[in-house]
Amino acid sequence: MQPDSIAPTAGVHWIVRMNWKNRSIFFVLLALTLASHMAGRQPGAIAWLLLVLQFVVYPQVLYLLTRRLPQQRQRQVEVRNMLLDGLGFGLWCSFLGLPLWITFTMYIGVSMNLLVFESFRGWVQATLCMALGIAVMHGLRPTPWQADTSLLTTGLSMFTLGLYILAFAYDAYLRATSLHRHRAQLRQQLEANHRLQAQLTELALRDPLTGLYNRRHLDETMQLQLQRCAMMGSGAAVLLLDIDHFKQINDRHGHAVGDQLLQTLAQQLLRNCRAGDTACRYGGDEFLLLLTEVTPDAALARAQQLRQDFAVQQLRVEDQSLSTTLSCGLALFPAHGTEPARLIQRADQALYQAKLHGRNAVVVFEHHLETCTDGAK
Ligand SMILES: Nc1nc2c(ncn2[C@@H]2O[C@H](COP(=O)(O)OP(=O)(O)OP(=O)(O)O)[C@@H](O)[C@H]2O)c(=O)[nH]1
């Protein structure tokens, strides 16, 4: 009757072990109860021998036989063993003349055991098995009814049944607390898994160098953000930013310095982000800023501010300060497109124009002839 016995261990099913413990204790108590009834009635040496065999030897033999079976079969066989208990009890009760307390104790005992493991079906089976035992013995050797309400037999019956019920209740308590503990552990594990999953998802959507969102995140969210803007009747803007002559910086100062510069720009973009905006590393030294609920003028002003802030930024490299500029292409929603791919393509065309016009510039995409003009350098 241990909570941990819920899990089958060491080749013996927990039901088999539990019933073995129960039988080892309660069958002996039953034997004493039956002995108190038989004592004054001189049933003969064979009856005494059978009493010992049934209530002392039989539980041990049953356990040794059942534990040898493969675990998958043990539960099934143990249910059959419980039915055999019922049959045996029926035989004994009938043999003794259906003494009230003994019959009651045995019937409740076997019914409870089968009800717990096999539900109402088990209880019906227990009743039928015990009735069968009674009928068979009555057919073989009818005994007149002997109520036996003597103090000793009644007391022993009550004690045995009471103890059995208490043991059952205690076992149920242990099982319930164990189950509760397992459930709590499972819940904790589940929460940890969810947290890990969220972290992994977040990692998969982030650029490891800058910590900004990556292109995959943009692909997954940009459409939704544009739809939200459309529903609210507000505008949005796509800013595509690219560091000017970044390759030269890499070549001159090394990749690590280049990385530092990318991180600096990323931090600047994050500082510039408002609720609803998305900053992402679009690839290499290209960054994309999606501004939502923004007017064209405000978007252009913010792009210009970014460009200026970046230009005055000084990066310390080996006691020297390094500064560079960026170019930016700007496309507006819904004026220049309503689909993410279209908007990005147009922002890219504008960026190309900014590079073409000497860099360190913001260019807004222009509709006519699909060409771009310099916005406001
Ligand atoms: N340090 C560093 N460099 C990178 C990384 N990813 C891409 N690059 C480099 O970024 C450079 C991108 O250069 P380009 O955008 O083609 O050209 P550019 O030198 O910036 O010139 P313009 O864009 O025309 O002004 C390449 O040399 C890449 O090797 C990175 O994660 N870290």
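Our subject in this report is the structure included herewith. (Residues numbered from 1 in each chain as written. Predicted model: local features only at pLDDT ≥ 70, side-chain atom pairs only at ≥ 80, totals over all residues. Heavy atoms only, no water.)

The subject of this paragraph is the site of the ligand. In the neighbourhood of the ligand, 17 residues make up the surrounding shell, with H245, K247, N250, D259 and R281 lying closest. Here a nitrogen atom of the ligand and a side-chain polar atom of N250 are 2.8 Å apart. Within the contact set of the ligand, a nitrogen atom lies 2.7 Å away from a side-chain nitrogen or oxygen of D259. Notes on the ligand: free accessible area 650 Å², of which the protein chains cover 66%. At the level of elements, strand 1 (236-243), helix 7 (246-253) and helix 8 (255-272) are the ones that each hand at least two residues to the shell around the ligand. Broken down by element, the residue count for the shell around the ligand peaks at four residues, all from helix 8. Taken together, the residues that form the shell around the ligand break down as four nonpolar, five polar and eight charged. (Near = heavy atom within 4 Å. Polar contact = N/O pair within 3.5 Å; in protein donor to acceptor, adjacent residues only side chain to side chain. Areas by Shrake-Rupley, 256 points an atom, 1.4 Å probe, with all protein chains shown as cover. Helix = DSSP H or I, 4+ residues; strand = E, 2+ residues; numbered from the N terminus. Nonpolar A, V, L, I, M, F, W, Y, C, P; charged D, E, K, R; others polar.)

Moving on to the side chain of T278. Here T278 lies in strand 2 (residues 278-283). Among the polar contacts made by the side chain of T278, one reaches the side chain of Q225 at a distance of 3.1 Å. Leave out the neighbours within four places in its chain, and T278 touches Y213, H217, L218, Q225, C273, L288, L289 and L290. (Contact = heavy atoms within 4.5 Å.)

With that settled, consider the pattern of salt bridges. All chains considered together, the criterion is met by 12 salt bridges. E118 is paired through a salt bridge with R75; the nearest N and O atoms lie 3.1 Å apart. Remark: R75 occurs in helix 3 (residues 71-95) and E118 occurs in helix 4 (residues 100-140); sequence separation between them is 43 residues. On the accessibility criterion, E118 (15% relative accessible area) is buried. A residue is classified by how much of its surface remains accessible, and R75, at 30% relative accessible area, is partly exposed. Where R121 meets E118, a salt bridge forms, and the shortest distance between an N and an O atom there is 2.6 Å. (Salt bridge = Lys/Arg side-chain N within 4 Å of Asp/Glu carboxyl O. Buried < 20%, exposed > 50% of the residue type's maximum accessible area, 1.4 Å probe, protein only.)

Time to look at unusual backbone geometry. At the junction of F333 and P334, the peptide bond is cis and its omega measures out at 5 degrees in the coordinates. Tracing the chain through its elements places P334 in the loop between strand 6 (326-333) and helix 10 (340-356). A positive phi angle, close to 45 degrees, is found at Q42, a residue other than glycine. Inspection of the secondary structure puts Q42 in the loop between helix 1 (14-38) and helix 2 (45-67). For H245, which is not a glycine, the phi torsion comes out positive at approximately 50 degrees. With relative accessibility at 40%, the residue H245 sits in the partly exposed group.

This part covers the pairing of strand 1. Across the eight residues of strand 1, eight count as buried, placing the element largely inside the fold. Of the strand pairs in this sheet, strand 1 and strand 3 (residues 286-292) are connected by seven bridges, and their pairing is antiparallel. The partner of D242 across the bridge, within strand 3, is E286. Taken together, the eight bridges between strand 1 and strand 6 define a ladder with antiparallel strand orientation. When the bridges of strand 6 are listed, L239 appears paired with L330. (Pairing = 2+ DSSP bridges.)

In this section: the packing of helix 8 against helix 9 (residues 296-312). Packing of helix 8 against helix 9 leaves a shortest axis separation of 11 Å and a crossing angle of 145 degrees. As helix 8 packs across helix 9, the resulting crossing turns out to be right-handed. Each of L261, L265, Q268, L269 and N272 in helix 8 lies in contact with helix 9, whose residues at this interface are R302, L306, D309 and F310. Here the residues of the contact of helix 8 with helix 9 sort into five nonpolar, two polar and two charged. (Axes fitted to C-alpha atoms, helices over the stretch in contact; angles between N-to-C directions. Left-handed = near helix turned anticlockwise from the far one by under 90°.)

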